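# A look at the structure
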Amino acid sequence: DAPGYDAEATVNFKTKKIVYTSMASGDLDLWTMNLNGSGKKQITATKGYDGGAVFSHDGKKLVWRGNHPQGDDMKRYLELLKDSLTSPMKMEIIIADPKGKNSKQITNFGCASFAPTFTPDGKRIIFASNKHNCDGRKFELFLMNVDGSGLDQVTDFGGFTSFPEFSPDGKKLVFCSDNGAKARYE
């Protein structure tokens, strides 16, 4: 019920917690709450954007996309935020414990990386990035270890590929892609 942006929510049914992005603090921070909406807690507070968070299946880790600009980029971010706006930005993948503590940025591409989610065993993270063309719209899926090592490119479609999610049994992967599309946004 906070004014402004409250979105990008995901649920961990094992811990019965929701993580989401909110403007309740005056910035785009991560918050958690119980399934019934009680127990709201702000878990990030660094000035800048934190969003798209997902718990590991066991609820012991949290991964998200973040952008904490400096200098003129921060001025632009804050000006847009005054009007409840943001613009596409360079986002890196960040991992932490489920309360947002011990956070560590695990990519440093200087591009847009987003839609991270854990593999079912919690040992790796799959995400989308335009790391081969930071100013372009070509996003592919990548896998890496939770410490950021062992980066592997999963797809090579040459278009937009993102929003990966594993099946409950961990045997299949679903994602969206414009691979084979005859027109943009098809």
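Higher on the page you've got the structure.
Residues numbered from 1 in each chain as written. Predicted model: local features only at pLDDT ≥ 70, side-chain atom pairs only at ≥ 80, totals over all residues. Heavy atoms only, no water.

## Some points on the pairing of strand E3 (residues 29-34)
Keep this limit in mind: Each residue is assigned to one of three classes by its accessible area relative to the maximum for its type, calculated with a 1.4 Å probe on protein chains only: buried under 20%, partly exposed between the two thresholds, exposed over 50%. Helix and strand definitions here come from DSSP, where helices need a minimum of 4 consecutive H or I residues and strands a minimum of 2 consecutive E residues; each element is numbered from the N-terminal end. Two strands are said to pair when DSSP picks up at least two bridges between them.
With five of six residues buried, E3 lies mostly within the body of the structure. Sheet topology places strand E2 (residues 17-22) next to E3; six bridges connect them, and they run antiparallel. Residue pairing for E3: Ser22 is matched across the bridge by Asp29. Remark: six residues form the turn of the hairpin made by E2 and E3, two consecutive strands paired antiparallel; Gly26 in that turn has positive phi of roughly 95°. Here E3 pairs with strand E4 (residues 41-42) via two bridges, running antiparallel. Paired with Trp31 across the strands is Gln42, a residue of E4. In sequence, E3 turns back onto E4 through a hairpin of six residues, with Gly37 there showing a positive phi of about 90°.

## As for the pattern of salt bridges
Convention followed: Salt-bridge detection follows one rule: a side-chain nitrogen of Lys or Arg within 4 Å of a carboxyl oxygen of Asp or Glu.
Taken as a whole and assessed by the stated rule, the structure comprises four salt bridges. Among the ionic pairs, Asp152 bridges to Arg124, the shortest N-O distance being 3.1 Å. Taken together, the residues Asp152 in strand E12 (residues 152-153) and Arg124 in strand E10 (residues 124-129) connect sequence positions 28 residues apart. Asp152 gets classed as partly exposed once you look at its relative accessible area, which sits at 38%.

## A few points about the sheet that holds strand E6 (residues 62-67)
Judged by pairing direction, the sheet is antiparallel, and its four strands sit side by side in the order E5-E6-E7-E8 without closing on themselves. The two strands at the open ends of the sheet, each matched to only one other strand, are strand E5 (49-55) and strand E8 (104-105).

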